[in-house]
Amino acid sequence: MSRKPKRLFVCSQCGAQSPQWAGQCAECGAWNSLVEERAAAQGPGALRRAGFAADSGIRALGEVDAVAEARMTSGFAELDRVLGGGLVSGAVVLIGGDPGIGKTTLLTQTLGMLAARGVATLYVTGEESLQQVGLRAQRLGLAAQDMRLLAETEVERILELAAAEGPGVMVIDSVQTMFTTAVPSAPGSVSQVRESAARLVQFAKQTGTTLLLVGHVTKEGTLAGPRILEHMVDTVLYFEGDADSRYRVLRAVKNRFGAVNEMGVFAMLDGGLREVSNPSAIFLSRHERPVSGSAVMVTREGSRPLLVEVQALVAESHAANPRRLAVGLDPNRLAILLAVLQRHCGTVLYDQDVFVNVVGGVRVAETAVDLALALAILSSLRDRPLPEGLVVFGEVGLAGEIRPVQHGQERLREAVQHGFRQALIPRANAPRRPVEGLEIQAVQHITEATGFL
Ligand code: TYD
Ligand code: MG
């Protein structure tokens, strides 16, 4: 006996399904995200259609040709770095970012460079007309007469033309504008995005085409459309930056072909995006005099060190629940740090709002930021600046102990190179020999570190 649900509601945030409407998604907790869809494309048939494996049949591991996948440079060394060494044939990369951040610019320039090298490329635009793309290419000064363009949003038509064209690299800008005739719901709906993406992914896997998908980002900062999109692709990149800064950061949040902590840095100039191959100190704001609430750390996300400024603002709160806001940092780490400061340093913060931020739209996920963050908070609370030329890094444990971080020597060298004269670091990271030009204070507990204030 087959029971068919008459109605089906799908969460536009996480893709969870439910037979009845609700104000809040039971899976991800998003509000007002359930939309009604026809129950189509479910069951094993749908999975098989979206099947990614090119050849099926069971093999022994030893029989598999484990040849490293061939990489092709994109023309941007910064993009190659984030991808894990370049473009892989048959790989699907999803690039998310706020509107106007430069996704179309990045991919137009990339395809332009590929086309100029003789790679067969196809740029499919569902957002701009061919004239707009042409004008932009002209403004970017692309010498890519051979770059192929298509303004189309129907996936079946795109795949038919792409199959005849045979591009090595194809861009879909953007996946939210695509629709497939196989699904009756409106373009932009969850099942449309999911099915369209599944067809495009299948095409990429079967033909070995490298597929670059542009994805929109919601107000909350996650890729719009079902979370399932992130599971379907090999690599998810985010293109980010401050609205008032010309610097843009490209980060991987998922990568089947490389590490996820690499970071690519670009500058948006009049002539398009330019790579910043030595970004180490561009994210420091230059204060005339030391200001309270600011600490500089050396982060080492990915393969190179980077100096970043951590800022904190602590202000008296009159709300029942004081606010805690972290931009570019993990809010859970902030909560832990505040508890450590309260317990081990006697710092009272329950009646204070605490806002923390990393300058320049950079994100720091590593725990080495803890000590800098703690000092920035204390500095703001006491309204006393940290000394000029001080660099700080170290992980803070729950007992208030300062734990060592990886690549301590390299971080110190980077700081010296940029004119820092003092360093506050974990005891276990202290170099055996003195570092010329750097006064090092190595600490074991958070209470020793507060002596700088
Ligand atoms: P765009 O690539 O259209 O962003 P997205 O596709 O992510 O929405 O970028 C548009 C912004 O970039 C726009 O605000 C203008 C700016 N820009 C430059 O500063 N210089 C340039 O050469 C180009 C092409 C765009
Ligand atoms: Mg665009």
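Details of the structure are given in the entry above.
So, how was this worked out
Each chain carries its own residue numbering, running from 1 in the written order of its sequence. To read the labels, note that chains go from A and ligands from 1, taken in the order they are written. Thresholds applied to this predicted model are a pLDDT of at least 70 for local features of residues and 80 or more for the giving and counting of side-chain atom pairs; totals over whole chains, interfaces and linings are not thresholded and use all residues. Calculation of side-chain values draws on the structure's entire complement of heavy atoms; hydrogens and water are dropped beforehand. One speaks of a salt bridge when a side-chain nitrogen belonging to Lys or Arg is within 4 Å of a carboxyl oxygen belonging to Asp or Glu. Runs of E in the DSSP output that reach at least two residues are strands. Runs of H or I that reach at least four are helices, and both are numbered from the N terminus. Categorising residues by exposure relies on relative accessible area from a 1.4 Å probe, with only protein chains included: less than 20% of the type maximum marks a residue as buried, more than 50% marks it as exposed, and the intermediate range marks it as partly exposed. Any two strands with at least two DSSP-identified bridges between them are counted as paired. The contact criterion used throughout is that any non-hydrogen atoms of two residues lie within 4.5 Å. Here the axes come from fitting lines to C-alpha atoms, over the contacting stretch only for helices, and the angles between their N-to-C directions go from 0 to 180 degrees. Between the rings of Phe, Tyr and Trp (Trp by its six-membered ring), a pair exists once the centres lie within 6.5 Å; its type follows the angle of the planes, with under 30 degrees stacked, over 60 edge-to-face, and the other angles tilted. The criterion is that NZ of a Lys, or CZ of an Arg, lies within 6 Å of the ring centre and within 35 degrees of the ring normal, and then a charge sits over that ring. Angles below 35 degrees are treated as roughly parallel, those above 145 as roughly antiparallel, those between 65 and 115 as roughly perpendicular, and all remaining angles as oblique. Nearness is defined per residue: one heavy atom within 4 Å of the molecule or strand is enough. Between N or O atoms, a polar contact is any pair within 3.5 Å; within protein, one atom must be a potential hydrogen donor and the other a potential acceptor, and residues adjacent in sequence are included only when both atoms are from side chains. Methods summary: accessible areas were calculated by the Shrake-Rupley approach with a probe of 1.4 Å, and residue burial reflects only the protein chains presented. Crossings are assigned a handedness: left-handed for a near helix turned anticlockwise from the far helix by less than a right angle, right-handed for a clockwise turn. All amino acids are sorted into three groups, where Ala, Val, Leu, Ile, Met, Phe, Trp, Tyr, Cys and Pro are nonpolar, Asp, Glu, Lys and Arg are charged, and the leftover types, Gly among them, are polar.

1. Let's talk about the pattern of salt bridges
Note that side chains of opposite charge can pair when their charged atoms are close.
Next up, step 1: Under the definition given, this model contains 17 salt bridges.
Next up, step 2: The salt bridge partner of K205 is D234, with a shortest N-O separation of 2.6 Å. Separated by 29 residues along the polypeptide, K205 in helix α6 (residues 190-207) and D234 in the loop between α7 (228-232) and β11 (235-240) bring together distant segments of the chain.
Next up, step 3: On the accessibility criterion, D234 (3% relative accessible area) is buried.

2. Digging into the sheet that holds strand β2 (residues 17-18)
Next up, step 1: Pairing is antiparallel across the open sheet formed by three strands, whose spatial order is β2-β1-β3. With one partner strand each, in any of the chains shown, β2 and β3 (34-37) form the two edges of the open sheet.
Next up, step 2: Both strand β1 (residues 8-11) and β2 contribute to a ladder of two bridges, which runs antiparallel. Directly across from F9, in β2, lies its bridge partner S18.
Next up, step 3: Along the sheet, α6 makes contact with β1, β2 and β3, crossing β3 at roughly 70 degrees.

3. Details of the sheet that holds strand β6 (residues 92-97)
Next up, step 1: Taken in spatial order, the nine strands of this open sheet run β8-β7-β9-β10-β6-β11-β12-β13-β14, and their pairing is mixed. The open sheet has two edge strands with one neighbour each: β8 (148-151) and β14 (272-275). The mean angle between the axes of side-by-side strands here comes to 25 degrees, regardless of whether they run parallel or antiparallel.
Next up, step 2: Pairing geometry for strand β12 (residues 247-255) and strand β13 (residues 263-269), over five bridges, is antiparallel. Following the sheet pairing, V249 is matched in β13 by V265.
Next up, step 3: Across the sheet, helix α3 (residues 103-116) is in contact with β6, β7 (121-125), β9 (169-173), β10 (210-216), β11, β12, β13 and β14; its angle to β7 comes to roughly 155 degrees.

4. Some remarks on the packing of aromatic side chains
Next up, step 1: Inspection of every chain in the model, using the stated rule, returns three aromatic pairs.
Next up, step 2: With a centroid separation of 5.2 Å and 85 degrees between ring planes, the pair formed by F76 and F266 is classed as edge-to-face. Taken together, the residues span a long stretch of sequence, with F76 in the loop between β4 (71-72) and α2 (77-83) and F266 in strand β13 at a distance of 190 residues. Of the two residues, F76 and F266, both sit in the buried class.
Next up, step 3: Taken together, the ring pairs connect F76, F239 and F266 into an aromatic cluster.
Next up, step 4: The residue whose ring lies beneath R411 is F393, and the NZ or CZ to ring-centre distance is 5.5 Å.

5. Let's talk about the packing of helix α5 (residues 155-165) against α6
Next up, step 1: Where α5 contacts α6, the axes come no closer than 10 Å and their chain directions differ by 10 degrees. When the axis of α5 is compared with that of α6, the two are roughly parallel. Residue-level contacts link V155, E156, L159, A162 and A163 of α5 to S196, R199, L200 and F203 of α6.

6. Looking at the site of ligand 1
Next up, step 1: The environment of ligand 1 is made up of 16 residues, and the closest members are G100, K103, T104, T105 and D270.
Next up, step 2: Separating an oxygen atom of ligand 1 from a side-chain N or O atom of T105 is a distance of 2.5 Å.
Next up, step 3: With respect to ligand 1, the backbone of L269 contributes an N or O atom lying 2.8 Å from a nitrogen atom.
Next up, step 4: Contact with the protein chains covers 73% of the free accessible surface of ligand 1, which is 560 Å².
Next up, step 5: Sorting the residues of the shell around ligand 1 by element identifies α3, α4 (130-139) and β13 as the ones contributing at least two each.
Next up, step 6: Ranked by the residues each element gives to the shell around ligand 1, the list is headed by α3, at three residues.

7. Brief notes about the packing of helix α8 (residues 331-345) against helix α9 (residues 370-382)
Next up, step 1: Close contact between α8 and α9 brings their axes to 10 Å; oriented N to C, the two are set at 60 degrees. Considering the angle they form, α8 stands oblique to α9. The handedness of the crossing between α8 and α9 comes out as right-handed. From α8, R333, L334, L337, L338 and L341 reach across to α9, where they touch D370, L373, A374, I377 and L378.
Next up, step 2: Its residues assigned to classes, the contact of α8 with α9 comprises eight nonpolar, no polar and two charged.

8. Thoughts on the side chain of R304
Next up, step 1: Along the polypeptide, R304 turns up in the loop between β15 (294-299) and β16 (306-316).
Next up, step 2: Only 2.8 Å separates the side chain of R304 from the side chain of E78, close enough to count as a polar contact.
Next up, step 3: At 3.3 Å, the side chain of R304 and the backbone oxygen of S277 are in polar contact.
Next up, step 4: For R304, the contacting residues outside a window of four places in its chain are E78, R81, M263, G264, V265, V276, S277, P279 and T299.

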